[in-house]
Amino acid sequence: MNEMRRKLIAMDLYGTAVDSEGRLAPGVKKAIVDARAEGHMVAFVTGRADTDMAALDCGYEFVDYLILNNGAKLVRGHDRTVLENEVLNRDEVERLIRFCQERDIQVYVICGRECYASKRGERLERYMDSIGCRPHYFEDISQVPTDRVEGMTILGEAAPVCSAIREQGFNLRAVISEPFCVDVMNPEVNKWNGLKELLRRIGMEREDVVAVGDYDNDLEMILQSGIGVAVGNARECVKAQADYVTVRDNEAGAVADMINELVLGRTSGLCLRNAG
């Protein structure tokens, strides 16, 4: 194919490329294989961590790159080499964990392939079962390796945490990643900045990126990419910022429709230019 036409397809996973069973939705695998066969590159760009990837019905090598932890970690697919990995500031991590424990707020801490949780909860344990992972439950902050935290997630009612981060001088950023789930990261970390680092490494430009997502933590990459796409089940605030919106939702394989229509040129009428 013409090298100038090569695209980088950047797809969010949960709520976008993945269905409610935690598997790539119908047609998505084939669309990815077809796109890569034509010379395009594919990256999973997710707020999830290494521990979450085990539940997917494909390996790291199925795509060219993975951008994890909302942009903080860049992994090459075929050999799992970690190319970038930005950890959170230790003092800020400890301060936020204490804040949550004092208010009985559930906090989930990611340290590579290990994870830690401040308290038990049915939703967390159900999710851990689905990915085949068990968190280390902690009562004291000394039980958490706070010098190598790659990400934090607040589960349940996170409004007090979001307000504290904004108003109490935390050098952190909080963003909604799915219902009742708020991800916490360093202030400059987001999916688009993770993509920019990847573009720098592979010699591609912003205009070469086709990005697709469904939630608030996808907004930067949808806005900044050459083409930004929202799946049919995306939040309205995400749809409003996208160049295209798919007719179908993640369960029906919306990402396959996007790849076929916008990358492979297979007209289907299932990915519509945003009239707004």
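Caption draft 1: Structural context of the environment of Asp 19. Along the chain, Asp 19 falls in the loop between strand E1 (8-11) and helix H1 (28-37). It is 4.8 Å that separates the C-alpha atoms of Asp 19 and Glu 251, two residues lying 232 residues apart in sequence. Not counting residues up to four positions away in its chain, the partners in contact with Asp 19 are Leu 24, Ala 25, Asn 250 and Glu 251. Here Glu 21 takes part through its backbone nitrogen, which lies 2.9 Å from a polar atom of the side chain of Asp 19.

Caption draft 2: Expanded view of the pattern of salt bridges. Taken as a whole, this structure holds 24 salt bridges when the rule is applied. Measuring nitrogen to oxygen at the nearest pair gives 2.9 Å for the salt bridge that ties Asp 12 to Lys 191. Note that Asp 12 is positioned in the loop between E1 and H1 and Lys 191 in helix H6 (residues 191-202), a separation of 179 residues in sequence. For the pair Asp 12 and Lys 191, one class covers both residues: buried. Taken together, the shared-partner salt bridges connect Glu 84, Glu 197, Arg 200 and Arg 201 into one network.

Caption draft 3: Just helix H5 (residues 159-167), in detail. Within the sequence span of H5, burial applies to Val 161, Cys 162, Ala 164 and Ile 165. For H5, the angular spread of the buried residues around the axis is 165°, confining them to a single face. Pointing more than 90 degrees away from the buried face of H5 are the exposed residues Arg 166 and Glu 167. Those residues of H5 that are buried are in contact with helix H3 (90-102), strand E9 (151-155), strand E10 (173-178) and strand E11 (181-185). In the stretch just after H5, Gly 169 is the one whose phi turns positive, near 75°.

Caption draft 4: Representation of H6 within the structure. Helix length check: H6, at twelve residues, gives a terminal C-alpha distance of 17 Å against a target of 16 Å (1.5 Å per residue), a fit within 8%. Burial in H6 covers these residues: Lys 191, Trp 192, Gly 194, Leu 195, Glu 197, Leu 198, Leu 199 and Ile 202. Structurally, the start of H6 carries an N-cap: the backbone nitrogen of Trp 192 is 2.9 Å from a side-chain oxygen of Asn 190. Gly 203, located one to two residues past H6, shows a positive phi value of around 70°.

Caption draft 5: Molecular detail of the sheet that holds strand E12 (residues 209-213). The mixed open sheet is built from nine strands, whose spatial order is E5-E4-E3-E2-E1-E12-E13-E14-E15. Only two strands of the sheet have a single partner each, and these edge strands are strand E5 (82-85) and strand E15 (271-273). Each strand axis lies, on average, 20° off the axis of its neighbour in the sheet, ignoring direction. Strand direction decides the pairing type here: strand E2 (residues 41-45) and strand E3 (residues 65-68), joined by three bridges, are parallel. Bridge pairing links Val 45 to Ile 67 in E3.

Caption draft 6: A look at the side chain of Glu 92. On the secondary structure map, Glu 92 appears in helix H3. For the buried Glu 92, no salt bridge is present, and the opposite-charge side chain at shortest range is Arg 95, 4.0 Å distant. Excluding its chain neighbours within four sequence positions, the residues that come into contact with Glu 92 are Gly 169, Phe 170, Asn 171 and Leu 172.

The rules behind each value
- Residues numbered from 1 in each chain as written.
- Predicted model: local features only at pLDDT ≥ 70, side-chain atom pairs only at ≥ 80, totals over all residues.
- Heavy atoms only, no water.
- Helix = DSSP H or I, 4+ residues; strand = E, 2+ residues; numbered from the N terminus.
- Contact = heavy atoms within 4.5 Å.
- Polar contact = N/O pair within 3.5 Å; in protein donor to acceptor, adjacent residues only side chain to side chain.
- Salt bridge = Lys/Arg side-chain N within 4 Å of Asp/Glu carboxyl O.
- Buried < 20%, exposed > 50% of the residue type's maximum accessible area, 1.4 Å probe, protein only.
- Arc of directions from axis to C-beta.
- Expected span 1.5 Å × (residues − 1).
- Pairing = 2+ DSSP bridges.
- Axes fitted to C-alpha atoms, helices over the stretch in contact; angles between N-to-C directions.
- Lys, Arg positive; Asp, Glu negative; His and termini not counted.

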